[in-house]
Amino acid sequence: MAFPERDEGHYYQAAYAEPPRRRRAAGWLLVAGVALAASAYVVRERTRKAEGENPPVGQFIEVNGIRLHYMERGEGQPLVMLHGDGSMIQDFMASGLVDMAAQKYRVIVFDRPGYGYSGRPRSTIWTPQAQATLLQQALLQLGVEQPVVLGHSWGTLVAIALALDFPERVRSLVLASGYYYPSLRMDVPLVSGPAIPVVGDLMRYTVSPLVGRATWPALRRKVFSPAEAPERFMREFPVEMALRPSQLRASAAEAAIMIPAVMALRHRYHELVLPVAILAGDGDRIVSTGAQSERLHGELPQSSLHITHGAGHMLHHVAPMEVMAAIDHMATAVGAMPQAALAIGQVQAAEARTR
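Remember, it's a predicted structure, so these values are computed and weren't measured experimentally.

**Q** Explanation requested: the side chain of Thr308 in the structure shown.
**A** Position of Thr308 among the secondary structure elements: in strand β8 (residues 303–308). Taking relative accessible area as the criterion, Thr308 reaches 9% and is therefore assigned buried. Residues within four places of Thr308 in sequence aside, it is in contact with Ala280, Gly281, Asp282, Leu315, Ala319 and Glu322.

**Q** When you look at the nonpolar core in this model, what are you seeing that I'm missing?
**A** Inside soluble globular proteins, nonpolar side chains tend to come together where they are buried. Leu82, Phe110 and Leu173 are the most contacted members of the largest nonpolar core, which totals 49 residues. For this core, the element with the highest residue contribution is helix α5 (residues 154–165), accounting for 9 residues. Setting aside its immediate chain neighbours within four residues, Phe110 contacts His69, Tyr70, Val80, Met81, Leu82, His83, Ile89, Leu135, Ala138, Leu139 and Leu142. Residues Met93, Val174, Met324 and Ala326 belong to the second largest nonpolar core, which totals 28 residues.

**Q** Would you mind showing me how to read the packing of aromatic side chains here?
**A** Note on aromatic pairs: each is described by the distance of the centres and the angle between the planes. As enumerated under the stated definition, the model contains 6 aromatic pairs in all. Seen from their ring centres, Tyr181 and Tyr269 are 5.6 Å apart, and the 85° between their planes marks the pair as edge-to-face. One end of the pair, Tyr181, is in the loop between β6 (172–176) and α6 (187–191); the other, Tyr269, is in the loop between α11 (245–265) and β7 (276–281), and 88 residues separate them in sequence. Given a relative accessible area of 1%, Tyr181 falls into the buried group. The buried category is assigned to Tyr269, whose relative accessible area is 0%. Each ring, one from Trp216 and one from Phe237, has its centre 6.2 Å from the other, and the planes form 15°; the classification is stacked. A residue pair is termed long-range when its members are at least 10 positions apart, and Trp216 in helix α8 (residues 207–224) and Phe237 in the loop between α9 (231–236) and α10 (239–242) qualify at 21 residues. The pair formed by Trp216 and Phe237 is uniform in burial state, with each residue classed as buried. Here the aromatic cluster, defined as three or more aromatic residues joined through ring pairs, consists of Trp216, Phe224, Phe233 and Phe237. It is Arg67 that lies over the ring of Phe60; its NZ or CZ is 3.6 Å from the centre.

**Q** What's the story with the side chain of Gln136 in this structure? I'm lost.
**A** With respect to the helices and strands, the residue Gln136 is situated in helix α4 (residues 128–141). Classification of Gln136 as buried rests on a relative accessible area of 4%. Leaving out residues up to four positions away in the same chain, Gln136 has contacts with Leu162, Phe166 and Arg169.

**Q** How do you make sense of the sheet that holds strand β1 (residues 59–63) when you look at a structure like this?
**A** Hydrogen bonds between backbone atoms are what pair the strands of a sheet, whose relative direction is either parallel or antiparallel. Read from one edge to the other, the open sheet built from 8 strands follows the order β1-β2-β4-β3-β5-β6-β7-β8, with strand pairing classed as mixed. The two strands at the open ends of the sheet, each matched to only one other strand, are β1 and β8. Strand after strand, the sheet turns through a mean of 20° between neighbouring axes, direction not considered. Here 4 bridges tie β6 to β7, and the two strands are oriented parallel to one another. Bridge pairing in β7 links Val174 to Ala277. Taken strand by strand, α5 contacts β3 (77–82), β5 (148–152) and β6, and its axis lies near 150° from that of β5.

Conventions we followed
- Residues numbered from 1 in each chain as written.
- Predicted model: local features only at pLDDT ≥ 70, side-chain atom pairs only at ≥ 80, totals over all residues.
- Heavy atoms only, no water.
- Helix = DSSP H or I, 4+ residues; strand = E, 2+ residues; numbered from the N terminus.
- Buried < 20%, exposed > 50% of the residue type's maximum accessible area, 1.4 Å probe, protein only.
- Contact = heavy atoms within 4.5 Å.
- Core = buried A, V, L, I, M, F, W, Y, C linked by side-chain atoms within 4.5 Å.
- Phe/Tyr/Trp six-rings, centres within 6.5 Å; stacked < 30°, edge-to-face > 60°.
- Lys NZ or Arg CZ within 6 Å of the ring centre and 35° of its normal.
- Pairing = 2+ DSSP bridges.
- Axes fitted to C-alpha atoms, helices over the stretch in contact; angles between N-to-C directions.

See below:
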């Protein structure tokens, strides 16, 4: 039997081709590992610096073993403020709302679970209902009864859950720039990555904070558009605190459960019988004013609707006087608030801005 002639050159080339490829792959893995380690170091140092430069602005209260950070200002009728996804107490402070409201209200502003300096145990799925239960227990410990509750963005869902699950404990609601009905949102899968176990943890402590810093200017323009971000926000809002790994996890988790959360709540909106003020900007690029705020107003006959021209998602920064007018009317409202009453407040706010 004849055997084919052996090509010695081809044989040795095949024999030694694989190891170089493996060496190159190992080299790339080493480079990636070094890059991740360097990123982790940078993230850790920036987190430490951010917390050193931005110590807690308020006090702490422990509820069911969970440490909540809150700030209290002023005296009088209680007003509770609940911030949106990715934010913290300083958002309301930088808007000027806390200073204005504290002149006549007892203002309580929470870092919601996982934000600022509040804890967020991973053993709990922090739905709006779960957060409402926790915050209501905190309010009871603080001796707060029948507050006006202001929620912004994701915070509107917690405010609504408070009113639905504890109707006797809430006086009225002010809902600003809220998301109330499920819709197709392409941003949800893009921002939910850091909430994924293991892979998300690796992202949060390495690349996600760095990507967040690079994309922050574009995100800031989008949330404020069509208005410009006020100088006070630029100066006082601690961006580095919002980009810490712990807060990125909270933000990503809330983005991931946002649509299921509104699907669970939407069928209960008819249970809301307390006065509700619904506020939105006509230029909001984060949520559709027509599909969200206007639709909710149509479903709640006792609600009032105020849409601010030229404002986007960060309504409380662009039109704080309008928000204060709504708070003032909700503080005295007993049933359905006449639309004319809020209109008067809007005119007063407009006149105050021109002085």
